[in-house]
Every structure is written in structure tokens, then in C-alpha cells.
Amino acid sequence: MAEPPLYPVAGAAGPQGDEDRLGLPDGADAPLDELVGAYPNYNEEEEERRYYRRKRLGVLKNVLAASAGGTLTYGVYLGLLQMQLILHYDETYREVKYGNMGLPDIDSKMLIGINVTPIAALLYTPVLIRFFGTKWMMFLGVGIYALFVSTNYWERYYTLVPSAVALGMAIVPLWASMGNYITRMAQKYYEYSHYKERDGQDPQQRPPRGSHAPYLLVFQAIFYSFFHLSFACAQLPMVYFLNNYLYDLNHTLYNVHSCGTNSQGILSGFNKTVLRTLPRSRNLIVVESVLMAVAFVAMLLVLGLCGAAYRPTEEIDLRSVGWGNIFQLPFKHVRDFRLRHLTPFFIYSGFEVLFACTGLALGYGVCSIGLERLAYLLVAYSLGASASSLLCLLGLWLPRHVPLVSGSGLHLLLTVGLFFWAPTPKVLQHMWILYVAAVLWGVGSALNKTGLSTLLGILYEDKERQDFIFTIYHWWQAVAIFVVYLGSSLPMKAKLAVLLLTLVVAMISYLVMEQKLRRGVVPRQPRIPRPQHKVRGYRYLEEDNSDESDAEGERYGGGGGGGGGRGDGGEDEALLSGPRPGPEPAGFGRRPCPYEQAQEGDGPEEQ
């Protein structure tokens, strides 16, 4: 007697039953919908909500990863540069470690490469961002910063100077792409949060003006809260390593007689020897290896955790306007009165951050309380700026000009106060004033930078021109930093006068711009050319193709009296009549597939 099979055979009849446990017939009589139909408990609305929730979490992950990557990159760069310049300043270190190699000359040329090279960035930054894409430009810029760190293992002219020039070339593209990236994340977060409102709209229809502004304000506050922490991160090598080798202020400030507003240049009379003992080469290699590891982590953050700023089709569209147009459009945006009115603010933004690191920290801080307290002064500035970046969230309820005007007003009061203050060298009683001034200057810097980046993202919502706007912004910042580098030997009163004048002009110019916008003056923006695609592929087979050029529209969508449209195949029939080798020609009303186009040479470009 044969044993019954362990598992029932599909379609077999017998005592095992023609029905399953749900009471449905098996085999050929089974209903097709039960086999291939939708899952009975599937909730489309719930799945859609979960999908867009994952998308929003991905956007937040992108913002945090970009912010952390930028913080680590800039912190490593500033920390290494600060430690390197202090070590190379010491005469004993130069003579014992490098002999007559000429480290001061190498350092001066390195600073020229960092400060002068960005002047040409307006010529190539938009092209690089469009060519590589926003995310990959960020990754390339962080990689060049890491290259600069790596060259300090072997300090020679042919390593330091070329890497400094490469770093100078990467400064504007990196930070312009960062600003563009944060703005795009805010726009994408709005799309993923209001997906129900866009269901019934045309996919090409733009969201309402200013709709992404609250998200942009929050994301910019997060970014600059992270970014300003880079100044504190840069002091870690100083606090935990270099401070152990420094002389106290009685030695370094022995010949310093005037500080603050009475000072001339940078630390006039400062002692040429600042190191009590020379650090061992092995210890220096350990510190530089740690900095190199942090720079590598920043590269991995940008590479692995930052998603793309645009969809692949959008990236292709941004490149397809023509490289000549991409090169010219930053210059054509000068006709926009909003950018012209904001240019003094761009310049002041570069002035004030350099003044915090050189004028306030060195001319007032180190000159009076010693080099060993430089790190703590900059940490106070950094923490004040980082915490105050979150104050810009008040812009969710206040008018948008409040953060900018508040930060500028605070800097105005501090600049006037510093103009009349000359601290006494080697006197520590006024040290608390310096720390308060550093924190308040950080508060003003945070309000200015966060408010300015948010304002640019609100005024220029078109994704086709955001990279141009942030390029112009950071290029003017680079020009301002170059001017500060040229005027480093000026008296402190002259520096404060230039800073004060620029700040007043920037505030007046900005308020005039806001007044024009309230009166309804329409800005004159250059037209962004339509994408002209020369490559055909799978993405151009749709009936309603938003990317097709004018020639393609006339060829395939034409209509009218020409008889050459897609619906009227008379001309196509004459062209395709007769036997031809290769694939079967496209029928009437059907667009040839890419393989047929390649075989037949069909299309306006080949005619």
C-alpha cells in the first residue's frame, strides 16, 4: 500500500482535498486574483506615509552629515595651520629642525597660495559644480583639504606650496556647494512633507514662493551651529599638545609695549622664541596622523552619508544648458539689484571672521594675555557663535531682517568699543573683558552668517541658479579675506575704521534692498537657457518629455499644418518606405527606440 505524499501535489485531486485551508480551490480551478493580486491587508496610504517619512529622515541625515563633515574639515585645516605657523615662527625650531631651508619664505608663499588663488574662483567654480555635481564637488573639496594636511608630514617647498595653491582653488567651490546643498535639502524636505498637496499637480509645477523658508532656516541654523564648532575643534592640538611647550607671557611679551587700538601690524615686538623645549618629531607625527585621520573621517562622512542634491535627470538638465552659459551666468547675475545691494554684506562677512581670528584674538588677546591663552579665547568665540546660531530660529516668528540687523548692530557696538580700548600688556585683570568680547563677536557672526545664507536661499529658490548665487557670495568673501591679508601690516585703528565703514555701508545697502522689495520692484534676473540634450536614452521615451529641445518638439510633437507631427505619419512613411537592413522601422505615431535611432540615424541632430 503506497504511503500518501508528505506535501500535496498542486492540481492533484484525491482525499487530500481540492481546497486549501482558506477554502479556495487548488490547481487549475484556483482564482487568479488570489495568486497574483494585491496583498489583502495592504494599506496604500500608510505605505506612502512611511515612504515619505523615510525620505525626510534621509534628508535630515544628509544635513547632519554635511554639517559634521564641514566642521571636521575646517577644524583640521585651522588647527594644523595654527600649529604650523606657531612652530615655524620660533627661531630655535627653524634653525634646529630645518637649518637654512627658509621656512618663513615657504610660509609666506603658502599663505599667498591660500589667500590669492581664490580670486580666480569665479571663473571655474560654477563649471566645476555643474560638471562634478554638488555632492561630488563637496567630496573633492574635502579631499583637497585632506591633501593639504598630508603634505605636512614632509614640510618642503615642493609639498607645501602646491598643496596650498590646490587648497586655495578648492575653498570657494567647497563652501559654495555646501550652501547650495543645504538649500536643496530644505526644498526636498518641503516636497516630502507636503507630498499630498503635490499629488494632483503637474510634476513640473514649482511649489509656492517661500514655502521652504521655515525648513531652510532650521537647516541653516543646524549647519552653522556645527560649523562654528570647528574653531573650538581647531584648538584641541593647541590645548593638549602645543601649550606644554610654550613660554609664559612674561617671556613672549617682554618687548611688547602697545596693544589693541594702539598696536601696529600683527604682534609688533613679540619675542622670536616662543617654545621652551622643542617637540619631538615622533610627537608631531602622532598629532598630524590624528588630524589626517579626522580629515579622512570627514571624507567618509561626505562620501557615504550625504545623498545626492539633485535627481539624475536634474543633474543632466543643469549641465545641458551649455558650458559657455554656465561660465557667463555668474557675471550676468550682477544685473540683479538684490545681489548688488548684498555685496557689501558679502565683503563684511569675510572681514569679520578674519578680524575675530587675527585682530581680536591676536591684536587684543595674545598681545595682552599671552600666547598660551589664545586657544581658550577662540574656544569662547566658537562656543558663543555655535550656540547663537540657534537664535536664528527666532526668524520663524520674526521678520527676516531681524537676525541680520541684530548681528550687525552688535558688531557695530563692539567695533566702536574696541576702537577706544587699548589693553595693557601682561595685565590679566581685563581678561574677562576679552572673553566677553569674543563671545559677543561670535554671537554677531552667527546671526550674520546664518541670516545671510538663509536670505539667499529665500530670494533665489530656482534650483537652476542657486549654485551661481552661492558662488558669488563665497567669492566676495574670498576677495575680502585677500584684502585683509594684504592689509595685515596696517595699524589697528585703520583696520577698525575699514571694518566699521564696511559694516555701515552693508547695513544701509541691505535695508535699501528690503525697501525696494516691499515697494514691489521686480529684480532683473538673467534667463536660464533651456536644456539642449544631445544624447538620447531611455529617459527620453516618454510622451510628455519636459527635457526635449525645440527641434525635438517640432519633429515629434509638431501638429499644425506641417504634416510632420507624431500623429500624422505621412512624412515618416515616405522616409521609411522600402526595405532596409536592420531592425523594423518605427510605425506611425510611435517614436523610434534608442536602438532604432542608433541604427537609422533618426533625429534632428543627424539630419
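Here goes a summary of the coordinates provided. Position numbers for residues start from 1 in each chain and track the written sequence from start to end. Totals for whole chains, interfaces and linings use every residue, but because this is a predicted model, local features are given only for residues with pLDDT of at least 70 and side-chain atom pairs only at 80 or more, for both listing and counting. As a rule here, side-chain values cover all heavy atoms of the structure and leave hydrogens and water aside.

**So, a positive patch on the surface**
Taken together, the side chains of Lys332, Arg335, Arg524 and Arg527 define a basic patch exposed on the protein surface. Within the secondary structure, Arg335 sits in the loop between helix H14 (323-332) and helix H15 (337-369). Within the patch definition used here, like charges are joined within 9 Å and nonpolar side chains (Val, Leu, Ile, Met, Phe, Trp, Tyr) within 5 Å, considering only residues with over 30% relative accessible area and no salt bridge. Only the protein chains shown count as cover for residues, and the accessible areas themselves come from Shrake-Rupley with a 1.4 Å probe. In what follows, salt bridge is the name for a side-chain nitrogen of Lys or Arg lying within 4 Å of a carboxyl oxygen of Asp or Glu. His is not counted here, nor are the chain ends, while Lys and Arg score as positive and Asp and Glu score as negative. In plain terms, the charge of a residue is placed at NZ if it is Lys, CZ if Arg, CG if Asp and CD if Glu. Secondary structure elements are taken from DSSP: a helix is a run of H or I of four residues or more, a strand is a run of E of two residues or more, and numbering for both begins at the N terminus.

**Observations concerning a nonpolar patch on the surface**
A cluster of nonpolar side chains, namely Phe131, Phe132, Trp136, Leu140, Phe296, Leu300, Leu303 and Trp323, defines an oily patch on the protein surface of about 760 Å² accessible area. Mapped by element, the contributors of at least two residues to the nonpolar patch are helix H5 (121-132), helix H6 (134-150) and helix H12 (281-305). Sort the elements by how many residues they give to the nonpolar patch and H12 lands first, with 3 residues. Within the secondary structure, Leu303 is located in helix H12.

**Topic: the nonpolar core**
What is meant by a nonpolar core is a set of buried Ala, Val, Leu, Ile, Met, Phe, Trp, Tyr and Cys residues, joined one to another through side-chain atoms within 4.5 Å. For every residue, the accessible area (1.4 Å probe, protein chains only) is compared with the maximum for its type, and the residue is labelled buried under 20%, exposed over 50%, or partly exposed between those bounds. Core analysis: the biggest nonpolar cluster contains 132 residues, and Tyr77, Ile114, Phe148, Trp175, Leu342, Leu371 and Trp441 have the highest contact counts within it. Between two residues, a contact is recorded if the distance between any of their heavy atoms is within 4.5 Å. In this structure, Trp175 is in contact with Gly70, Tyr74, Tyr145, Phe223, Phe227 and His474, ignoring residues within four places of it in sequence. Judged by nonpolar contacts, the second largest core, of 5 residues, contains Val321, Ile326, Leu329 and Phe468.

**Some points on the side chain of Thr454**
Take Thr454: it is sitting in helix H18 (residues 431-459). Throughout this description, a polar contact denotes any pair of N or O atoms lying within 3.5 Å of each other; where both atoms belong to protein, one of them has to be capable of donating a hydrogen while the other can accept it, and for residues adjacent in sequence the pair is counted only when both atoms sit in side chains. Within the structure, Thr454 has its side chain in polar contact with the backbone oxygen of Thr450 (distance 2.7 Å). Once you skip the residues sitting within four places of it in the chain, Thr454 turns out to touch Leu216, Leu217 and Gln220.

**Section: unusual backbone geometry**
Of note in the backbone geometry, Leu267 takes a positive phi value of approximately 55 degrees without being a glycine. By the secondary structure assignment, Leu267 is in the loop between helix H11 (249-252) and H12. The backbone of Lys426 shows a phi angle near 65 degrees, a positive value even though the residue is not glycine. Using a relative accessible area of 35% as the deciding quantity, one classes Lys426 as partly exposed.

**A look at helix H16 (residues 374-389)**
Across its 16 residues, H16 extends 23 Å between first and last C-alpha, which sits within 8% of the 22 Å expected from 1.5 Å per residue. Of all 16 residues that make up H16, 12 are buried, and the element is covered over most of its length. A helix's residues, less one, multiplied by 1.5 Å, set its expected span.

**Notes on the packing of helix H2 (residues 44-89) against H12**
Put simply, H2 and H12 touch, their axes get as near as 8 Å, and they point 160 degrees apart. Between H2 and H12, the angle falls in the class roughly antiparallel. Where H2 crosses over H12, the two elements pack in a sense that is left-handed. Contacts between H2 and H12 involve Lys61, Asn62, Ala65, Ala68, Gly69, Leu72, Thr73, Val76, Leu80, Met83 and Leu87 on the former and, on the latter, Leu284, Val287, Glu288, Leu291, Val294, Ala295, Val297, Ala298, Leu301, Val302 and Leu305. Of the residues contributing to the contact of H2 with H12, the split by class is 17 nonpolar, 3 polar and 2 charged. For helices, the fitted axis covers only the stretch in contact; all axes are lines through C-alpha atoms, and the angles between them, taken along N-to-C directions, range from 0 to 180 degrees. Small angles under 35 degrees read as roughly parallel and large ones over 145 as roughly antiparallel, with 65 to 115 read as roughly perpendicular and the rest as oblique. Note: crossing handedness is left-handed where the near helix turns anticlockwise from the far helix by less than a right angle, and right-handed where it turns clockwise. Amino acids outside the nonpolar list (Ala, Val, Leu, Ile, Met, Phe, Trp, Tyr, Cys, Pro) and the charged list (Asp, Glu, Lys, Arg) are all regarded as polar, and Gly is one of them.

**Describing helix H19 (residues 466-486)**
Every α-helix carries 3.6 residues per turn, so stepping three or four residues along brings you back to the same face. The terminal C-alpha atoms of H19 lie 31 Å apart, and with 21 residues this matches the ideal 30 Å at 1.5 Å per residue to within 8%. Burial analysis of H19 places 15 of its 21 residues in the buried class, which makes it a mostly covered element.

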